[in-house]
Amino acid sequence: MNTHLETLRTLDPSTAGRIRDLVGTPAYVYDEKTLVARAHETLAFPNAFGLTVRYAMKACPNGNILRIFDREGLHVDASSVWEVERAVRAGIEPDRISLSTQELAPGFEDWVRRGVKVNACSLDQIDRYGRAFPGGEIGLRLNPGLGSGGTTKTNVGGPASSFGIWHETLDEADVILRKHGSVVVRIHSHIGSGSDPAVWISAASLTLAHVRRYETVCSFNLGGGFKVARMSGETGTDLQLVGQPVRELLEGFARETGRELHFEIEPGTYLTANAGAVLTTVQDISTTGEEGYAFIKLDAGMTELTRPSLYGSQHPMILIPADGDERRGSASYVAVGHCCESGDMLTPREGDPSVLDPRMMIRAQIGDLLVIEGAGAYCSAMATKNYNSFPEAPEVLIRANGEAAVIRRRQTLDQIIVNEETVV
Ligand SMILES: *Cc1c(COP(=O)(O)O)cnc(C)c1O
């Protein structure tokens, strides 16, 4: 059992009450001050010859979030042609967007003409890019043979990962590059949200070794994957600490080769995870007896937050008593979502979504608010939206002046069924 009593970070009880009155629950809430503070931390990442920070927009793609980061000087990492278009519609200049995608969908050519930079992520992507732009400049996303992730589901490097061009196939890549006269100007790798800075640093040096292969490379991108501490007791990444050895690598490379590489990182989690929460209501409480569990049933679930049921990920949960009485004592609960799906459980054992792991919190009553913290990254973006026909939850931004602004309205049932055709 997890016996840590977590404390509120993104929301205080009065703001939580204000947001419930504004849009109801469930609702995503983001804190602008925290987003800005994280942006500044990433911009201070150690570097030797210049730095570009790209926000990996798949973490939380609301246009307002994109504009906040754009305003603070960040560029964008897009994971699909659709994300590119979404960013451009949000006001991001195409030449501030780079695309590293599993599916290089038709239409990418127009975006490249408008300034979007592509990092080819497979041999076929190199070929298709080269056919569209003979003699053109290209980036390569490599799989350096090493990954770093909490689970195989968040590990995106190494032999079990399909992301990027496998390092042992670079001879084949070179044949295709030569065929089109393509000029490699960027080397990219992104190995996952690992907990171990040592792994991140060795991936950096493995990737840098491949830069030697291409004299024309001037930009070196190590992706994102900086772990954050969601739960109290976890340790997050110290960017200064992981960045220092990378700076030294780049300086050493310059001394040896005379090449001063521009450096890029692409954080998603780091920028947003602890800047967001899901505000929910305890809508029911049940028990399965002495040998069983006490359950609190929320008005949210995998429809807002898929990570616990997908990875067994841990999110702090803080109960806010509706009557303001925090002296009710504490109790341990399994928190479940509102879907008719036994996997819709928000308190799994870490790394194992199939095991129930009750949490200590203030004794709950129906109608209390429950705040799920650490929900700014891959929650709204990755929700199992519309299962059981629950509408997509609204998003609220707490502005720097404390004002709560709706940045996405709650979806309506009409919007859920708008594309259905009546044929029966
Ligand atoms: C998802 C992704 C990122 C961001 O990863 P985080 O773990 O959220 O920091 C960066 N770069 C690429 C190419 C990605 O696919």
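In case you missed it, the structure is sitting above this.
K.L.:
Tell me what's going on with the packing of aromatic side chains, and back it up with residues and numbers.
P.N.:
The final tally for this structure, using the stated rule, is 8 aromatic pairs. Between Phe-45 and Phe-263 the ring centres are 5.8 Å apart and the planes differ by 35°, which places this aromatic pair in the tilted class. Here Phe-263 lies in strand E10 (residues 262–265) and Phe-45 lies in the loop between helix H2 (32–43) and strand E2 (51–56), a separation of 218 residues in the sequence. Here the two residues Phe-45 and Phe-263 agree in accessibility, since each one is buried. Measuring from centroid to centroid gives 5.2 Å for Tyr-129 and Phe-133, while their planes differ by 45°, and the two rings are tilted. For the residue pair Tyr-129 and Phe-133, the accessibility class agrees, reading buried in each case. Each residue in the set Phe-45, Phe-220, Phe-226, Phe-263 and Tyr-270 is aromatic and connected to the rest through ring pairs, giving one cluster.

K.L.:
Please provide a residue-by-residue account of the side chain of Gln-411, values included.
P.N.:
Residue position: Gln-411 is located in the loop between strand E20 (404–408) and helix H12 (413–417). You can call Gln-411 buried: its relative accessible area is 12%. At 2.9 Å, the side chain of Gln-411 and the side chain of Asn-386 are in polar contact.

K.L.:
Report on the environment of Gly-63, specifying residues and quantitative values.
P.N.:
Within the secondary structure, Gly-63 sits in helix H3 (residues 63–71). For Gly-63, a relative accessible area of 18% puts it in the buried group. Residues Gly-63 and Glu-32, spaced 31 residues apart in sequence, show a C-alpha to C-alpha distance of 13 Å.

K.L.:
So what's going on with helix H4 (residues 81–89)? Which residues, and what values?
P.N.:
Turning to H4, its buried residues are Val-81, Glu-83, Val-84, Ala-87 and Val-88. Buried positions in H4, seen along its axis, are confined to an arc of 155° and lie on one side of it. With respect to the buried face of H4, the exposed residues turned more than 90 degrees away are Trp-82 and Arg-89. Of the surrounding secondary structure, the elements contacted by the buried residues of H4 are H3, strand E3 (75–78), strand E4 (97–99) and helix H5 (108–113). Where H4 terminates, the next one or two residues include Gly-91, which has phi positive at roughly 110°.

Conventions and cut-offs
- Within each chain, residue numbers correspond to sequence positions counted from 1 in written order.
- Reporting of local features is limited, given that this is a predicted model, to residues whose pLDDT is at least 70; pairs of side-chain atoms are given and counted only at 80 or more, and all residues count toward the totals for whole chains, interfaces and linings.
- The side-chain figures draw on all heavy atoms in the structure; neither hydrogens nor water molecules are used.
- Pairs were defined over the aromatic rings of Phe, Tyr and Trp, the Trp ring being its six-membered one, requiring ring centres within 6.5 Å. Orientation was assigned from the angle between planes: stacked under 30 degrees, edge-to-face over 60, tilted for the rest.
- Secondary structure elements are defined from DSSP: runs of H or I of at least 4 residues count as helices, runs of E of at least 2 residues count as strands, and each element is numbered from the N terminus.
- Throughout this description, buried means an accessible area under 20% of the type-specific maximum (1.4 Å probe, protein chains only), exposed means over 50%, and partly exposed covers the range between.
- For this analysis, a polar contact is any N or O atom pair within 3.5 Å, provided that within protein one partner can donate a hydrogen and the other can accept it, and provided that sequence-adjacent residues contribute only side-chain to side-chain pairs.
- Arc definition: it is the arc formed by the directions from the helix axis to the C-beta atoms.
- Pairs of residues are marked as contacts when any of their non-hydrogen atoms sit within 4.5 Å.

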